[in-house]
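For reference, the chains in residue letters:
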Amino acid sequence: MNKKALAIVAILVIAFCGWYFVGHGTKQNSGDTINIGYLAALTGDFAAYGTAEANSAQLIIDEVNAKGGMFGKKLKLVVYDTKSKPEDAVNAVRRMIENDHVCAVLGTNTSGITIATAPIVNKAQVPQIATCATNPLVTVDEKGNVRPYSFRVCFIDPYQGKVAAELAVSDLGTKKAAILYNVGSDYAQGLREFFIKSFTELGGKIVADEGYRDADVDFRAQLTKVKEKGADVMFLPGMGKDMALIIKQAKELGINIKIIGGDGYADFMSEIAGDAMKGTYWVNHTYLGDPQMVPVFAKYKETYKDECKEFTNLTMAYDAAKWLVQAMEKAGCAEGPAIAKALENTKDLKLTHFTISIDPKDHNVINKPAAILKIADDLKGHFYKVIQPK
């Protein structure tokens, strides 16, 4: 092929790529930066989680930019506040795609919000990586079809529920479980469902299954039923503040049973529940003393002049951002379809706190280990054990 023909082909390819990506809502190659979106709850009930996540992801962006950026440009993290509400997250993700032309979206840490944004990012062909959103519907639709542009860096509720049930039966020797859950939370509903399934399969019995709503702060009526039913373990598939209030009020009512929760655990819960937190157990993604993360925790403190209390969110956001950057490098560009393909084909990729492989059929992480935390006398979540799925 002569030079003139080659030039014509090159022009046609460039023209086609420009038409394709503009037509699919991505204009990442314009401007002086490559924009990456971050959906974080900076206000509302989940603000402690979101602040830690956005700050942590920024550390990765700064590391990349310190080395010269990517594809001849600097990376820019565009952070929007979800206000801990799905409707605000939906509006935010639309703005970051349409106005900021982000090539990908990081966050959020909650299932309900991430499920709400999934149709938008998939239609726009902009990949989204959730941090702690564990409900199966984050990455697959109601028919079980994979969402091509939805990913996560965490394990899922079926596994988390199974781990919690095995902990309750095998480690703690309990047989009668009570559950208190937020009826309006996709996360709580999913985790509750899988705990019940596994706990009963292991020979346990659910003696109380009590619901509450988002605005509730008094759980004494539900807890009274838990006490009357003679439960020896209480499972809390909720998020920080709710669980802290439940634990505090349970102690006040003289309910002295084992308490297990999921990855909605947060350090700030001890500020609310105080000594009632002692001896509770939590299924988590990582632990504070993880030697792989200690240098990152130190860097966070040095950068922001503050301890990161929500170490789980810091860890998950840091590795989600690291995974995205490596996928972009593998893709060789900052375009959504190519990044999504690189994410989907991830296999044995060393991140900071674990090695990640993705199942292409559902975009779930394969064999993500779970860390069990136990709250000690200092009211901190200390390492209890790691469970590696088979």
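Every value quoted in this text rests on a predicted model; they were computed, and no experiment measured them. (Residues numbered from 1 in each chain as written. Predicted model: local features only at pLDDT ≥ 70, side-chain atom pairs only at ≥ 80, totals over all residues. Heavy atoms only, no water.)

Caption draft 1: Highlighting the packing of helix α10 (residues 294-304) against helix α11 (residues 311-331). For the pair α10 and α11, the least separation of the axes is 11 Å and the interaxial angle reads 100°. On the basis of the axis angle, α10 is roughly perpendicular to α11. Counting all contacts with α10, which are made through Val296, Phe297 and Tyr300, the residues of α11 involved are Phe311, Leu314, Thr315 and Tyr318. Looking at side-chain class alone, the contact of α10 with α11 contains six nonpolar, one polar and no charged residues. (Axes fitted to C-alpha atoms, helices over the stretch in contact; angles between N-to-C directions. Helix = DSSP H or I, 4+ residues; strand = E, 2+ residues; numbered from the N terminus. Parallel < 35°, antiparallel > 145°, perpendicular 65-115°, else oblique. Contact = heavy atoms within 4.5 Å. Nonpolar A, V, L, I, M, F, W, Y, C, P; charged D, E, K, R; others polar.)

Caption draft 2: Representation of the pairing of strand β8 (residues 233-236) in the model. Alternating residues of β8 divide into Val233 and Phe235 and Met234 and Leu236, and every residue in both groups is buried. With three bridges joining them, strand β6 (residues 176-182) and β8 adopt parallel strand pairing. Note that in β8 the partner of Ala178 across the bridge is Met234. Bridge count for β8 against strand β9 (residues 258-261) is four bridges, and the pairing is parallel. (Buried < 20%, exposed > 50% of the residue type's maximum accessible area, 1.4 Å probe, protein only. Pairing = 2+ DSSP bridges.)

Caption draft 3: Representation of the sheet that holds strand β5 (residues 150-152) within the structure. The strand order across the open sheet built from five strands is β2-β1-β3-β4-β5, with neighbouring strands paired in parallel fashion. Bordering the open sheet on either side are β2 (74-81) and β5, each of which pairs with just one other strand.

Caption draft 4: Broad picture of the pattern of salt bridges. Going through the model one piece at a time under the given rule, you end up with 12 salt bridges. For the salt bridge of Lys225 with Glu210, the shortest nitrogen-to-oxygen distance reads 3.8 Å. With Lys225 in helix α7 (residues 220-229) and Glu210 in strand β7 (residues 205-212), this pair connects stretches of sequence that are 15 residues apart. The class for Glu210 is buried, based on a relative accessible area of 16%. (Salt bridge = Lys/Arg side-chain N within 4 Å of Asp/Glu carboxyl O.)

Caption draft 5: Geometry of the environment of Thr346. By secondary structure assignment, the location of Thr346 is in the loop between α12 (336-344) and β11 (349-350). With a relative accessible area of 7%, Thr346 lands in the buried category. When the C-alpha atoms of Thr346 and Thr312 are compared, they prove to be 22 Å apart, with 34 residues separating the residues in sequence. Among residues more than four places away in sequence, those in contact with Thr346 are Trp323, Ile356, Ser357 and Ile358. Of note is the side chain of Thr346, whose polar atom sits 3.2 Å from the backbone oxygen of Ala342. (Polar contact = N/O pair within 3.5 Å; in protein donor to acceptor, adjacent residues only side chain to side chain.)

Caption draft 6: Up close: the packing of aromatic side chains. For the structure shown, the criterion picks out 11 aromatic pairs. For the pair Phe195 and Phe235, a centre-to-centre distance of 4.1 Å together with 15° between the ring planes defines the contact as stacked. With Phe195 in helix α6 (residues 186-201) and Phe235 in strand β8, the pair connects residues that are 40 residues apart, well separated along the chain. Classification of Phe235 by relative accessible area gives buried; the value is 1%. Measuring from ring centre to ring centre gives 4.8 Å for Tyr300 and Tyr304, while their planes differ by 50°; the resulting arrangement is tilted. Taken as a pair, Tyr300 and Tyr304 lie in helix α10 at a separation of four residues, close to a single helical turn. For Tyr300, a relative accessible area of 5% gives the class buried. For Tyr304, a relative accessible area of 25% puts it in the partly exposed group. Among the aromatic residues, ring-to-ring pairing joins Phe46, Tyr49 and Phe268 into one connected group. The ring centre of Tyr181 lies 4.5 Å from the NZ or CZ of Arg192, which sits over that ring. (Phe/Tyr/Trp six-rings, centres within 6.5 Å; stacked < 30°, edge-to-face > 60°. Lys NZ or Arg CZ within 6 Å of the ring centre and 35° of its normal.)

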